[in-house]
Amino acid sequence: MTTKIAIQGIKGSFHHQVVKEYFSENVEIDECLSFEELIDSLIAGKSDQAVMAIENSIAGPIIPNYALIDKNNLHIIGEHYLNIQQNLMALKGQKIEDIREVHSHPMALLQCMDFLKQYPNIKLVEDKDTAETARRIQENRLTGIAAIASVTASEMYDLDIIASSIQTIKNNMTRFVIIKKQNSFLPESEINRASVKFELDHKRGSLAAVLNVMSDCKLNLTKIQSLPKIETPWKYSFFVDVTFEKYEDFAKAKALLNIMAEYFKVLGEYKNTRP
């Protein structure tokens, strides 16, 4: 049976590369132009699961995506880390000397600026998607134009990589989460990471008390981020990721936080795959 996976972007994007690495069974891709469309695909049943970027080692967490998962009561069932390698590619036979313009997503251009500064005569053109740019070069047989995209994009759209790994910071990891409408129940012995959300009473020491409980329960806090509650001025929701060695430690912390917090919710319990 084929599993349908929603991704942000098109085939050849980094989201698609995660699908190829994470899923072993036959999959079908639902290409979504935005993260909101990706969520809609899941909710409407067009897809069975979705791959969503959630955090970057340089840019930090993508908090709006946590909020989308929370708002729509979706479940994080897994994660995958991808080393983001940006590559300059063009039609076969093209060389760097032939390139007049480089098209890509603004973030990809920014990540490769040290390399691109070596070629001041090349015009930089911002585009909506890295893989979409690669596809357009191939479909329209555009000479003199290069894209910055993934190896997967170069293979899918039959482009030559003129220069590989051109990003300025070589160790650039993005964490993706796998989400579903229904929770996938792993054996407790395999669960060693969780994503939670909580809201606290606005009084001195409330956050410190919660963090102390996490520490006492032997949880390792890997990320904490606050997001203001628009409908309640000066009140915040906290999105937290934790890892732990024993599920029973997390279960104890859950019970305590459920009492201490004004609102507490588990967004996902899954296996830690951080390299």
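Residues numbered from 1 in each chain as written. Predicted model: local features only at pLDDT ≥ 70, side-chain atom pairs only at ≥ 80, totals over all residues. Heavy atoms only, no water.

- The name an unreviewed UniProt entry gives the chain is prephenate dehydratase, with Flavobacterium endoglycinae as the organism.
- In its Pathway (unreviewed entry) section, the UniProt record describing the chain reads: "Amino-acid biosynthesis; L-phenylalanine biosynthesis; phenylpyruvate from prephenate: step 1/1."
- Here the chain is described in UniProt, under the heading Catalytic activity (unreviewed entry), as follows: "prephenate + H(+) = 3-phenylpyruvate + CO2 + H2O". (UniProt positions renumbered as here; feature names shortened; annotations may be inferred.)

### Quick look at the overall build of the chain
Alright, step 1. A tally of helices and strands in the chain yields 9 helices and 15 strands.
Alright, step 2. Taken over the C-alpha atoms alone, the chain extends approximately 65 × 45 × 35 Å along its principal axes.
Alright, step 3. For the chain, buried positions account for 51% of its 275 residues.
Alright, step 4. A separation threshold of at least 6 residues defines the contact pool for the chain, and within that pool the share at least 24 residues apart is 73%.
Alright, step 5. Total accessible area on the chain stands at roughly 14,000 Å², and carbon and sulfur atoms take up 50% of it. (Helix = DSSP H or I, 4+ residues; strand = E, 2+ residues; numbered from the N terminus. Buried < 20%, exposed > 50% of the residue type's maximum accessible area, 1.4 Å probe, protein only. Contact = heavy atoms within 4.5 Å. Areas by Shrake-Rupley, 256 points an atom, 1.4 Å probe, with all protein chains shown as cover.)

### Structural notes on the nonpolar core
Alright, step 1. If you look at the biggest cluster of nonpolar residues, it comprises 34 residues, and the most contacted ones within it are Leu38, Val51, Met52, Ile69 and Ile179.
Alright, step 2. Tallying contributions element by element places strand β3 (residues 49-56) first for this core, with 5 residues.
Alright, step 3. Filtering out sequence-adjacent residues up to four positions away, Ile179 remains in contact with Leu38, Ile39, Leu42, Gln49, Ala50, Met52, Ile69, Leu74, His75 and Ile76.
Alright, step 4. Of all hydrophobic cores here, the second largest spans 20 residues; its members include Ala194, Met214, Cys217 and Val242. (Core = buried A, V, L, I, M, F, W, Y, C linked by side-chain atoms within 4.5 Å.)

### Points about the pairing of strand β11 (residues 173-180)
Alright, step 1. By the criterion of burial, β11 is predominantly enclosed, with 8 of the 8 residues buried.
Alright, step 2. Neither face of β11 is left uncovered, since the one carrying Met173, Arg175, Val177 and Ile179 and the one carrying Thr174, Phe176, Ile178 and Lys180 both have all their residues buried.
Alright, step 3. Of the pairings in the sheet, the one linking β3 to β11 comprises 6 bridges and is antiparallel in character. Note that in β11 the partner of Glu55 across the bridge is Arg175.
Alright, step 4. With 8 bridges connecting them, strand β5 (residues 75-83) and β11 associate as antiparallel partners. Bridge pairing in β11 places Glu79 opposite Val177. (Pairing = 2+ DSSP bridges.)

### Brief notes about the sheet that holds strand β6 (residues 87-90)
Alright, step 1. With mixed pairing, the 5 strands of this open sheet are ordered in space as β8-β7-β9-β6-β10. Each edge of the sheet is formed by a strand with only one pairing partner; in this case those strands are β8 (123-126) and β10 (160-163). Ignoring which end each strand starts from, the neighbouring axes of this sheet average 35° apart.
Alright, step 2. Inspection of the sheet shows strand β7 (residues 101-104) paired to β8 by 4 bridges, in the parallel sense. (Axes fitted to C-alpha atoms, helices over the stretch in contact; angles between N-to-C directions.)

### Observations concerning helix α2 (residues 35-43)
For the α-helix, the turn length of 3.6 residues means that residues three or four positions removed from each other point alike.
Alright, step 1. Taken together, the buried positions of α2 are Phe35, Leu38, Ile39, Ser41 and Leu42. Buried residues of α2 fall within an arc of 155° about the axis and therefore sit on the same side.
Alright, step 2. In the core, the buried residues of α2 are packed alongside β1 (3-8), α1 (14-22), β2 (27-32), β3, α3 (63-71) and β11.
Alright, step 3. At the exit of α2 stands Gly45, carrying a positive phi of roughly 85°. (Arc of directions from axis to C-beta.)

### A word on the pattern of salt bridges
Alright, step 1. By the definition in use, this model includes 17 salt bridges.
Alright, step 2. Close ionic contact of Lys4 with Glu28 constitutes a salt bridge, the shortest N to O distance being 3.7 Å. One end of the pair, Lys4, is in strand β1; the other, Glu28, is in strand β2, and 24 residues separate them in sequence.
Alright, step 3. Close ionic contact of Lys92 with Asp158 constitutes a salt bridge, the shortest N to O distance being 3.5 Å. One end of the pair, Lys92, is in the loop between β6 and β7; the other, Asp158, is in the loop between α7 (151-156) and β10, and 66 residues separate them in sequence.
Alright, step 4. Put simply, Glu55, Glu79, Arg175, Arg193 and Asp241 are held in one network by salt bridges that share partners. (Salt bridge = Lys/Arg side-chain N within 4 Å of Asp/Glu carboxyl O.)

### Considering the packing of helix α8 (residues 206-216) against helix α9 (residues 247-260)
Alright, step 1. As a packed pair, α8 and α9 sit with axes 10 Å apart at the nearest point and diverge in direction by 170°. In terms of axis orientation, α8 runs roughly antiparallel to α9. The interaxial crossing formed by α8 with α9 has right-handed handedness. Of α9, the residues touching α8 (which contributes Ala209, Val210, Val213 and Met214) are Leu256, Leu257 and Met260. (Parallel < 35°, antiparallel > 145°, perpendicular 65-115°, else oblique. Left-handed = near helix turned anticlockwise from the far one by under 90°.)

### Some details on the environment of Glu231
Alright, step 1. Structurally, the position occupied by Glu231 is in the loop between β13 (220-228) and β14 (236-243).
Alright, step 2. Owing to a relative accessible area of 60%, Glu231 belongs among the exposed residues under this scheme.
Alright, step 3. Between the C-alpha atom of Glu231 and that of Ser195, which follows or precedes it by 36 residues, the distance is 23 Å.

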